[in-house]
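Each chain, written out:
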Protein chains: 2
Amino acid sequence: MADVRGRGFSGRVPLSVAQSWIDAQVSALDPRAVPLAGAAGLVLARPVVSDAALPPADRAVRDGFAVAAADTLGAGSYNPVLMAFAQPVQAGQPLPEGCDAVLPAEAAQSVAGLVEAFDSVAPGSGVERRAAAAAAGIELLPAGRRLRPADLGLLGAIGFMEVPVVPPPRVRILLAGGPRDGNEALAAMMVALVRRDGGLPEVVGPLVADRAGLAEAFAAPGADLVLVAGRTGVGEEDVAPLALADAGALALHGIAMRPGDSAGLGLAGGVPAVLLPGEPMAALATYEHLGGRVVRRRAGRPAGLPHPVRQAVAARKLVSEIGSDDLYRVRLTADGLAEPVASPAMPGLAAAARADGFVMIPAESEGVAAGAAVTIYLFD
Amino acid sequence: MADVRGRGFSGRVPLSVAQSWIDAQVSALDPRAVPLAGAAGLVLARPVVSDAALPPADRAVRDGFAVAAADTLGAGSYNPVLMAFAQPVQAGQPLPEGCDAVLPAEAAQSVAGLVEAFDSVAPGSGVERRAAAAAAGIELLPAGRRLRPADLGLLGAIGFMEVPVVPPPRVRILLAGGPRDGNEALAAMMVALVRRDGGLPEVVGPLVADRAGLAEAFAAPGADLVLVAGRTGVGEEDVAPLALADAGALALHGIAMRPGDSAGLGLAGGVPAVLLPGEPMAALATYEHLGGRVVRRRAGRPAGLPHPVRQAVAARKLVSEIGSDDLYRVRLTADGLAEPVASPAMPGLAAAARADGFVMIPAESEGVAAGAAVTIYLFD
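Nothing here was measured: the structure is a model prediction, and the numbers come from that model.

Caption draft 1: Up close: the interface of chain B and chain A. At the junction of the two partners, chain B supplies 73 residues and chain A supplies 73 residues. Between chain B and chain A, roughly 5400 Å² of surface is buried when both sides are summed, and carbon and sulfur atoms account for 58% of that area. At the junction of chain B with chain A, the criterion picks out 4 salt bridges. The shortest N-O distance in the salt bridge between B:Asp380 and A:Arg148 comes to 3.5 Å. On the surface where chain B and chain A come into contact, there are 11 residue pairs in polar contact (both at pLDDT 80 or more). Looking at the side of chain B that touches chain A, the elements with two or more residues in it are strand 5 (59–60), strand 6 (64–67), strand 10 (108–111), strand 13 (139–141), helix 2 (149–157), helix 3 (185–196) and helix 7 (350–354) of chain B. Per element, the largest residue contribution to the side of chain B that touches chain A is 8 residues, and it comes from helix 2 of chain B. Tallied by class, residues from the side of chain B that touches chain A come to 39 nonpolar, 15 polar and 19 charged.

Caption draft 2: Representation of the packing of helix 4 (residues 211–219) of chain B against helix 5 (residues 240–247) of chain B in the model. Residues and elements named next belong to chain B. Packing of helix 4 against helix 5 brings their axes to within 8 Å, and their N-to-C directions diverge by 55°. Considering their axes alone, helix 4 and helix 5 lie oblique with respect to each other. Between helix 4 and helix 5 lies a crossing whose hand is right-handed. Listed contacts from helix 5 to Arg211, Leu214, Ala215, Phe218 and Ala219 of helix 4 are Ala240, Leu242, Ala243, Leu244, Asp246 and Ala247. A per-class count over the contact of helix 4 with helix 5 returns 9 nonpolar, no polar and 2 charged.

Caption draft 3: Fine view of the pairing of strand 25 (residues 337–342) of chain A. All names here are of chain A. Of the pairings in the sheet, the one linking strand 22 (residues 309–314) to strand 25 comprises 2 bridges and is parallel in character. Pairing of Val313 across the sheet is with Leu337, part of strand 25. Sheet analysis places strand 24 (residues 325–332) next to strand 25, joined by 4 bridges and oriented antiparallel. Counted as the bridge partner of Arg331 is Glu339 from strand 25. Remark: 4 residues form the turn of the hairpin made by strand 24 and strand 25, two consecutive strands paired antiparallel; Gly336 in that turn has positive phi of roughly 80°.

Caption draft 4: Inspection of the side chain of B:Arg148 at higher detail. In this structure, B:Arg148 sits in the loop between strand 13 and helix 2. B:Arg148 gets classed as buried once you look at its relative accessible area, which sits at 7%. In this structure the side chain of B:Arg148 is engaged in a polar contact, spanning 3.0 Å, whose partner is the backbone oxygen of A:Ala355. When residues no more than four places from it in sequence are discounted, the contact partners of B:Arg148 are A:Ala352, A:Ala353, A:Ala355, A:Asp356, A:Phe379 and A:Asp380.

Caption draft 5: Just the relation of the copies chain B and chain A, in detail. In the superposition of chain B on chain A (RMSD 0.1 Å, axial shift 0.0 Å), the rotation amounts to 180°. These values place the two chain copies in the arrangement generated by a two-fold rotation axis. Across chain B, the smallest distance between a C-alpha and the rotation axis is recorded for B:Pro308, namely 4.4 Å. Comparing interface residues between copies, 100% of those in chain B also lie at the interface in chain A; the contact surface is shared.

Caption draft 6: Expanded view of unusual backbone geometry. A cis amide bond links A:Leu54 to the next residue, A:Pro55, at an omega of -10°. Here B:Arg258 and B:Pro259 are connected by a cis peptide whose omega angle stands at -5°. With respect to the element layout, B:Pro259 can be found in the loop between strand 19 (255–258) and strand 20 (264–268). Of note in this structure, B:Ala131 is not a glycine but carries a positive phi near 70°. Looking at the secondary structure, you find B:Ala131 in the loop between strand 12 (127–128) and strand 13. Within the chain, B:Arg231 stands out as a residue other than glycine whose phi angle is a positive 60°. Along the chain, B:Arg231 turns up in the loop between strand 17 (225–229) and helix 5. For B:Arg231, a relative accessible area of 14% puts it in the buried group.

Caption draft 7: Focus on the environment of B:Asp63. Summarising the element assignment, B:Asp63 is placed in the loop between strand 5 and strand 6. Since its relative accessible area comes to 16%, B:Asp63 is described here as buried. In this structure the C-alpha to C-alpha distance between B:Asp63 and B:Leu275, which are 212 residues apart in sequence, comes to 59 Å. Once you skip the residues sitting within four places of it in the chain, B:Asp63 turns out to touch A:Gly233, A:Val234, A:Ser262, B:Val89, B:Gln90, B:Ala91, B:Val102, B:Leu103, B:Pro104 and B:Ala105.

Caption draft 8: Highlighting the sheet that holds strand 11 (residues 114–117) of chain A. Residues and elements named next belong to chain A. Taken in spatial order, the 3 strands line up as 7-11-10 in an open sheet, and their pairing is antiparallel. Single-partner strands in this sheet number two, and they are strand 7 (81–82) and strand 10 (108–111). Where strand 10 lies against strand 11, 4 bridges are found, and the strand directions are antiparallel. Bridging from a neighbouring strand, Ala108 pairs with Ala117 of strand 11.

Caption draft 9: Representation of the pattern of salt bridges. Residue and element names in this part refer to chain A. Under the definition given, this model contains 39 salt bridges over all chains. In this structure, Asp3 engages Arg5 in a salt bridge whose closest nitrogen and oxygen atoms are separated by 3.0 Å. For Asp3, a relative accessible area of 25% translates into the label partly exposed. The residue Asp58 makes a salt bridge to Arg129 at a minimum N-O spacing of 3.1 Å. Residue Asp58 is found in the loop between strand 4 (48–49) and strand 5 (59–60), and its partner Arg129 is found in the loop between strand 12 (127–128) and strand 13 (139–141); the two are separated by 71 residues along the sequence. Salt bridges sharing common partners tie together Arg196, Asp197, Glu288 and Arg296.

Rules and cut-offs
- Residues numbered from 1 in each chain as written.
- Chains lettered and ligands numbered in written order.
- Predicted model: local features only at pLDDT ≥ 70, side-chain atom pairs only at ≥ 80, totals over all residues.
- Heavy atoms only, no water.
- Contact = heavy atoms within 4.5 Å.
- Buried area = accessible area lost by both parts, 1.4 Å probe.
- Salt bridge = Lys/Arg side-chain N within 4 Å of Asp/Glu carboxyl O.
- Polar contact = N/O pair within 3.5 Å; in protein donor to acceptor, adjacent residues only side chain to side chain.
- Helix = DSSP H or I, 4+ residues; strand = E, 2+ residues; numbered from the N terminus.
- Nonpolar A, V, L, I, M, F, W, Y, C, P; charged D, E, K, R; others polar.
- Axes fitted to C-alpha atoms, helices over the stretch in contact; angles between N-to-C directions.
- Parallel < 35°, antiparallel > 145°, perpendicular 65-115°, else oblique.
- Left-handed = near helix turned anticlockwise from the far one by under 90°.
- Pairing = 2+ DSSP bridges.
- Buried < 20%, exposed > 50% of the residue type's maximum accessible area, 1.4 Å probe, protein only.
- Least-squares fit on C-alpha atoms with pLDDT ≥ 70 in both.

Encoded structure:
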């Protein structure tokens, strides 16, 4: 790739091409078994199949007394019937031998170890039959599933102490420059974004804008991908693209998106690397579309934007440059209108804080007319 | 409260009453300053007001050369004009004295320290004016805001190294019993649920079902709230309600909801305590409606269910008992139908794993007819 310093970009790659490069180059990490307690939110690498029936035996679905239903025949409020056998059970507990129903505690009275029924129950009442939830050999959880809290409960109940998952990728965040007020200000945002996408962040820097030092930090072992924030532009000190080339390969530099058109992609020490501009709003936009895509793919998650989406109507015209994927920060009004808060060119995060989310205007579009349907990607 | 062991509940409290008890008794923790890097997802305790204009000076919105626009007059592709002064700037950097525009690097050529313009720029082009994002004294972030990644970037940029937030509540999870297969299986689920709601979980147990030992664990200092899973029912070993009474106060026991009707609420050692049944599906349901509500309120978050919701149409009739808030696990079909996967009475988490979410049938309803509108609370 050309050195763009002092010269500018001779052209920029469409965002869709950059994303295709990521999808072709970046795959999920190799599966690994992790302890159940650490598996929340991770992606299951193999389906989980029940190796026994669930439940393994008839069990209570309510608290009460396990009884033989036939023994309760004729029992009523004014006609208590003494049970030949009655054992207290809690919902979820297996039924003792010879019992086929659960008498609610409210319909029973226990005196000196003897239980009287004040109501009759039908056979099977209050009972879940063996294998009612799943027969042996049934798939309980599919491969690719992002494990939910309740999934961990299920896995624990069937005896999994470890789970085969895609482990969280180790993400090195290099702070390589940025606005004059100090790019360490970016660290907390980058860490929170990486965690949201399932990565384990490690912050390095701020580093002085030194090509050799940056190249070394890019190539150092121990990361599954590297993000660099800052020093991606056309100034003399913008050595991040050169350092990435030194550390491996600079595949793309200059992306047709706003904000963030000095972003880039490559390989550093054998792992994917993403160049994010140091201007905070550009860093955010390029993280969402490029850096986060790499994190999400390594974590085995869907590659696309993870934000909840909301359909809305443009309150005003959103003007866009043909040839550039443009990000508008917008506010969602109570009546479903998307109000622009800041144009793609406006730097800084104060407008992002005022916005509820963002709308993307594709490169081939001149913009969106007032009243047109738009998709809002919500920040929350 | 009465000892319900062997006797059953003489009545059950409506879920709405239990939730009102929580809302009246449980407030957010006292605000505290935490380092910026640890503030993601926490709730801002005070509004953040800009104490200076943002940006504090005119700044570049794109990479290029800061120039005086007047100097570029007449410049064009075939008419390069030598700049009297031109300084490389990156998007976000302040403009040097005397400059009022940013010439894109692509419209410039830098030779031996001298810059030629190949295009003219208007005054203000590529520049964000001082205070354009926010004047001094403007509220940048409101109190009560759950801090987003971009908010951390903004706070970092304006120099906050610490943020005043509601700290994450310390949540003690007592494993006090449960199904025969071992209630340690519940730990991973409970931990994941508490983390989702912004709490810091600490697991204690499994403890033997010993009233004095449980009461001690309830009352031990160091927790902002206590959840106990198991031993809440009507069996001889169901000593959790009695232990809670010993450790402080048992306010409610027996809630008109399914699953989970042996849940309860109280105060232990001065902090709120929630009794969750040990059957895993009942533990999940009562966590979502009661335990999680306490966690969320202590964390300063909205008290209600945190799940994304989806409107759907009941594929079949969902039968419900009058007098009980019933939870149906449902699958959401591609055509927007809510297919019941398991009735409120069905124990176990295999059905929750097959479901996409759940539908609540309020206590005053006999159920939902096929074709009626329902709200699905999504597990994901």
